[in-house]
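The primary structure of each chain is shown beneath.
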Amino acid sequence: MTHKLLFHDIDEPGLNTIEVYKRRGGYQQAEKALAMARDSIVKEIEVSGLRGRGGAGFPTGKKASFIPQGKMDKYLVCNADESEPGTFKDRELMQKSPHTLIEGMIIAAYAVGANKAFIFIRGEYVQQAEILEAAVQEAKDAGYIGPNVLGRGIDLDLWVHRGAGAYICGEETGLLDALEGRRGNPRLKPPFPANQGLYQGPTLLNNVETLAAIPHILAVGPEAYAAMGVEASSGTKLISVSGNVQRPGNYEIELGMTGREIIYGLAGGPDPGRDVFFWFPGGSSSPVLTKDDLDLPYDYNSLAGAKTMLGSGAIIVVDDSNSVVDVAVKTASFYKHESCGKCTPCREGTNWTTKMLKRIQSGEATPMDLDVIESVCDQIMGNCLCVLGDAMAMPVASMVQKFRPQFEQHIETARAANEARLLAELDAAAPVLEGIGH
Amino acid sequence: MSLRRDPLGPLDREAVRQGADVPTRVHVPGDGDGISGELFHHEVHRFADGSRVPGWREGHDPGKDAAEVPDPAQVAVPEDLRAEIEDYMSRYPDPRSAAIPALAAAQRLHGWCSPDAIEQVACVMRLTPGYLTAVAGFYDMLETRPVGRKTVYVCTNISCSLRGGDELLAALKGQLADDPDVNIRGFECLGACDIAPMCSVDGVYVGPVDDAEIPVLAEQIAAGADPLPLKQLVRRRVADTAANSDGVEVEAIEAGTIGPVLHTDGPATGGNDIPGAAR
């Protein structure tokens, strides 16, 4: 039986209000934390083994410990720009239990000494932003945010900042540029945001789910949290299952379950009569896995061992009624559209990969294009300021590698169909051609 | 269309891949079969300015100096808009951070980031119109061309397209194409793959939209009515059945904050007569 921390009774009516949240024990952890020493909170998070839930999986306690001490202005930014295709866990959390996030941010801000905090929410989440704004206002009225929080002499200011629709703003430095009112272009790293982030100040940047897990870690105790899940993947994780499954949605699991248990057990598997063709284990940026990999344990290290990644915990299932070519075109087109254009390998690489895949789709390609795609993907990876280009290169290259026969077969059939159509056109044009001397 | 074909056949290609030499005589389409090849190509479509990209030269006049920060005495900014932008600016250590919320506010007023809208924001924020135009051009939700006031985004990313997102977009476009008030467009992943195929009607997420519901939805969009109230995301329970205790689930259904279980194979209703339904 999986422990439910973040999703425990999440549909309780009014949980988005401070009244119900406090009745259920809300804000007690914030009050407890504010009485603790700052570094002992960071220590507890480190002991809990919590890893960043946004995609990179970096240990959260370690990240917080990088924030320098001292009297300068420090910032806390919550990354709620949830745009990775297939991911929708933060949406459910913010919409139904916004105060969990706010409480986590109060604790995190206190732990690193930040006095300005922002929640950068994607502009498409209109309803969620409204719910969050209302919740922040309630927390301000109750004295949890503002000058002299709970009479402890700490100031904390928190605002919800709405984005305006750009995937790249989910990248931490792109987000910072967008939050500073610029085009959301990623920055060169290092310096990392922990040293020079928002307004060049030390900035702790975390995903919604990571910050929302902090009150629960303090509540159950870091050792108990670390005992959940498996080695190096502790605690519970929200996963979003979508695509060709019968019960798509968010599930809270302890990491270490197998892919089969998640896709078939929780999400009901593909429709009757259909079989899993392949699946993305961690959002559309992760290299795909086939149905032979279904028994792989779903945790950070096992997936890394299979040359893919857990990412944001978004499983997209593609069943055998679909063509891998179509999915590859969709994937590449998305990254082509969202590439910010700052780095050449990503801007040109995503564009040309999409063009080549579309040629394959429409039967104008040769099998040579598959080799070119692989080499283009290879040249994108690791050569840009951020990983958007890699995020296209990894899944597309993995599809081409794992399903090369299907790609080649599609090239042949689509080309044959085109040829037949052209010959028919030629036949139709024959009288005209004769007339002009052919 | 142009046809590019592999000069080698599939068998030769496989042999070459395995290390054989490339055959010396290769077949070139159109070569020697009495066809000039003209039929294999056709003209690239070009716009009036000679470009293949629509509109990229619009608004570009190299003879003009770049606009400077507008003079407050010359620009009339609506009071509400000015107050809203100034409120945003007061939230950040650097007021420039308010650029995106300010442009969004101006867009709500003007319908799109028109030159007037940009100038008003530039005037309040003390930035150049060029800077704000560049910011507006980066973000998908900021419109740099006149569009309808009712915004409908249809998700066409992987999860949604696996469940009919592209067909939903085509069907809605077909029904709403003539309505100048509606700005309907395919959009990148909207973060609601659990209700695929879905769309966002002025920020209200609706889905999964069955084929039979599309005409009702299109009417509701055109009339500005609440879109498919039973299918709105805010009323959807969490998929994890072990998350809620039984009492909470019953309480929530009675309070109307989550909908009763919908039968996906039942008749499409689109009605809005659930007692106590709350948005």
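Per an unreviewed UniProt entry, chain B carries the name NADH-ubiquinone oxidoreductase chain E and comes from Patulibacter medicamentivorans.

In the annotation of an unreviewed UniProt entry, chain A is listed under the name NADH-quinone oxidoreductase subunit F and assigned to Patulibacter medicamentivorans. The heading Function (unreviewed entry) in the UniProt record of chain A holds the text "NDH-1 shuttles electrons from NADH, via FMN and iron-sulfur (Fe-S) centers, to quinones in the respiratory chain." Looking at the Catalytic activity (unreviewed entry) heading of the UniProt record, one finds this comment for chain A: "a quinone + NADH + 5 H(+)(in) = a quinol + NAD(+) + 4 H(+)(out)".

Asks: Is there a simple way to explain the overall build of chain B in this structure?
Replies: When its secondary structure is counted, chain B shows nine helices and four strands. When the helices and strands of chain B are listed from N to C terminus, the series reads α-α-α-α-α-β-α-α-β-β-β-α-α. Relative to its 279 residues, chain B shows a buried fraction of 36%. In chain B, the share of contacts with a sequence separation of at least 24, taken over all contacts with a separation of at least 6, comes to 57%.

Asks: Looking at this model, I keep getting lost on the domain arrangement of chain A. Mind explaining?
Replies: Residues and elements named next belong to chain A. On domain assignment, one finds that chain A holds domain 1 (18–227), domain 2 (229–319) and domain 3 (324–412). Taking only C-alpha atoms, the centre of domain 2 and the centre of domain 3 are 23 Å apart. Listed per partner, the contact involves eight residues of domain 2 and nine residues of domain 3.

Asks: Honestly, the environment of A:Glu412 in this entry has me stumped. Any pointers?
Replies: Residues and elements named next belong to chain A. Position of Glu412 relative to the elements: it lies in helix 17 (residues 404–435). Looking at Glu412, the number of C-beta atoms within 10 Å reads 15, which means it is partly exposed. For the pair Glu412 and Pro367, spaced 45 residues apart in the sequence, the C-alpha separation amounts to 8.8 Å.

Asks: Explain the sheet that holds strand 8 (residues 249–254) of chain A here, please?
Replies: In sheet architecture, strand pairing relies on hydrogen bonds along the backbone and comes in two forms, parallel and antiparallel. All names here are of chain A. In spatial order, the strands read 8-7-11-9-10; together these five strands make up an open sheet with mixed pairing. The sheet is open, and its two edges are formed by strand 8 and strand 10 (289–290), each paired on a single side. Here strand 9 (residues 276–280) runs beside strand 10; their pairing, made up of two bridges, is antiparallel. Counted as the bridge partner of Trp279 is Leu289 from strand 10.

Asks: Even after reading the chapter, I still don't get unusual backbone geometry, so can you show me in this structure?
Replies: As a rule of thumb, non-glycine residues mostly have phi less than zero, and peptide bonds are mostly trans rather than cis. Looking along the chain, the bond that leaves A:Lys189 and enters A:Pro190 is cis, with omega of -10 degrees. By the element assignment, A:Pro190 lies in the loop between helix 8 (172–179) and strand 4 (203–207). Cis peptide bonds are those with omega within 30 degrees of zero, and the linkage from B:Ala196 to B:Pro197 qualifies with -5 degrees. Within the secondary structure, B:Pro197 is located in the loop between strand 2 (182–187) and strand 3 (199–201). Phi at A:Tyr27 is positive, roughly 65 degrees, even though this residue is not glycine. Relative to the helices and strands, A:Tyr27 resides in the loop between helix 1 (18–23) and helix 2 (28–34). Among the residues examined, A:Tyr27 registers 19 C-beta atoms within 10 Å and is labelled partly exposed. We note that A:Gln200 has phi near 65 degrees; this positive angle belongs to a residue other than glycine. The exposure class assigned to A:Gln200 is partly exposed, which follows from the 13 C-beta atoms found within 10 Å.

Asks: What exactly am I supposed to notice about the sheet that holds strand 3 (residues 157–162) of chain A here?
Replies: Residue and element names in this part refer to chain A. Ordered by their spatial adjacency, four strands build an open sheet running 3-2-1-4, and the pairing between neighbours is parallel. Whereas interior strands pair on both sides, the edge strands pair on one side only; in this sheet they are strand 3 and strand 4. Here the strands of the sheet are splayed against their neighbours by 20 degrees on average, with no regard to which way each runs. Bridge count between strand 1 (residues 75–80) and strand 2 (residues 116–121): six bridges; the pairing is parallel. Among the inter-strand pairings, Val77 is bridged to a residue of strand 2, identified as Phe118. Along the sheet, helix 6 (residues 98–112) contacts strand 1, strand 2, strand 3 and strand 4; its crossing angle with strand 1, the most-contacted strand, is approximately 150 degrees.

So, how was this worked out
Residues numbered from 1 in each chain as written. Chains lettered and ligands numbered in written order. Predicted model: local features only at pLDDT ≥ 70, side-chain atom pairs only at ≥ 80, totals over all residues. UniProt positions renumbered as here; feature names shortened; annotations may be inferred. Helix = DSSP H or I, 4+ residues; strand = E, 2+ residues; numbered from the N terminus. Buried ≥ 20, exposed ≤ 12 C-beta atoms within 10 Å, placed from the backbone. Contact = placed C-beta atoms within 7 Å. Domains from an automatic or database assignment. Pairing = 2+ DSSP bridges. Axes fitted to C-alpha atoms, helices over the stretch in contact; angles between N-to-C directions.

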